[in-house]
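# Structure assessment
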Amino acid sequence: MTEAVSTGHGERAHPDFLQHHFDTPEQQFTSGKLGMWLFLATEVLLFAGLFCAYAVYRGIHPEIFEYAHRFLDKSLGATNTVILLCSSFTMAWAVRSSQLGKRGLTAALLALTILGGIGFMSIKYVEYHHKWKVGLLWGTHYHPSAEAMEGHGAPEDTAAGVAHQDETDAAESAAAAEPPAAGPQLPDLSGLPAGVEPTNVPHGAVGPEGTIAERPAEVLPVGEEEVKNVHIFFGIYFLMTGLHGIHVLVGMGLIGWVLRRTLRGDFGPEYYTPVDLVGLYWHLVDLIWIFLFPLLYLIH
């Protein structure tokens, strides 16, 4: 007769899925979920720093974000949003079906979730490939081509803005060609009311044109000549969406691991912890994109 090996649990029934340092399945589940929430908190802190950087740069340079976001395809971004929302639904459904012991349904839902991730990354590849092709990149790599300026996402009022700029340049050239006045320019005093003494104080110097916000709508920045440092936006865009894309790939790998174990029959009503924890991670990935989409694609 084989002697029972002491594992700290006595001789009572010990399920295969219960790790040796836990007394009960409930304790193991609670500990695992607490650990996952702590990990997700660190992920939130990571992206919170990036969101703060976004807020600072957008607050300092609103004209850059207003101009550059027009080069992003809102329809592709919206499609990716719908895809992730649907995949989040299938993931939550997979967790529930695993709790009920429906192995086949769980596997099908996990596979659909992976397909959603593949669809998301495929669309993101299309966006990245186009940005790379036309030079809409970060830092010193930012060299927009003629296709980028004339293709989708370019401002509709580019021609009007260029015409206005030409008129402004012509006016400035004409003013520069005029000979300087012999002395200070005094105001016209012919219309002063009776009894009002004129003053010999000349006009003050002409001040600057003002900030971007004070300029009329028809002369808002519309071209590379007026909007500087556009590469800042694309640096933030690629950093935030790229990091999010890495999380999508990690999530797809984890879901694939859970799918393989589901097909093997490792999960059921008594033990579904990995499915639940991977589902939490996938929901965070979905939630982060819900913030990224309007902040990058829907700037007004």
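These numbers come from a predicted model, not from an experiment.

Once that is clear, we can look at the side chain of T81. One can find T81 in helix α3 (residues 74-99). Apart from the residues lying within four places of it in its own chain, the contact partners of T81 are W289, I290 and F293.

Moving on to helix α8 (residues 273-297). With 25 residues, α8 extends 36 Å from end C-alpha to end C-alpha; this agrees with the ideal 36 Å at 1.5 Å per step. Of all 25 residues making up α8, 19 are buried, and the element is well covered by its neighbours.

A full pass over the atoms with the stated rule returns 19 aromatic pairs. When the ring of F89 is compared with that of W93, the centres are 5.8 Å apart and the planes differ by 50°; the resulting orientation is tilted. On the criterion of helical spacing, the pair formed by F89 and W93 is a turn pair, its members being four residues apart in helix α3. Centre to centre, the rings of W289 and Y297 are 6.1 Å apart; their planes meet at 65°, and the pair counts as edge-to-face. Accessibility assignment for this pair places W289 and Y297 in one class, buried. Feature note: the residues F120, Y128, W132, W138, Y237, F238, W289, F293 and Y297 constitute an aromatic cluster, connected by ring pairs.

Let's shift gears to helix α1 (residues 25-60). With 36 residues, α1 should cover 52 Å at 1.5 Å per step; its first-to-last C-alpha distance of 53 Å lies within 8% of that length. Of the positions making up α1, those classed as buried are Q28, M36, L40, E43, F47, L50 and Y54. Next to the buried residues of α1 lie α2 (62-68), α7 (231-264) and α8.

Scoring rules and cut-offs
Residues numbered from 1 in each chain as written. Predicted model: local features only at pLDDT ≥ 70, side-chain atom pairs only at ≥ 80, totals over all residues. Heavy atoms only, no water. Helix = DSSP H or I, 4+ residues; strand = E, 2+ residues; numbered from the N terminus. Contact = heavy atoms within 4.5 Å. Expected span 1.5 Å × (residues − 1). Buried < 20%, exposed > 50% of the residue type's maximum accessible area, 1.4 Å probe, protein only. Phe/Tyr/Trp six-rings, centres within 6.5 Å; stacked < 30°, edge-to-face > 60°.

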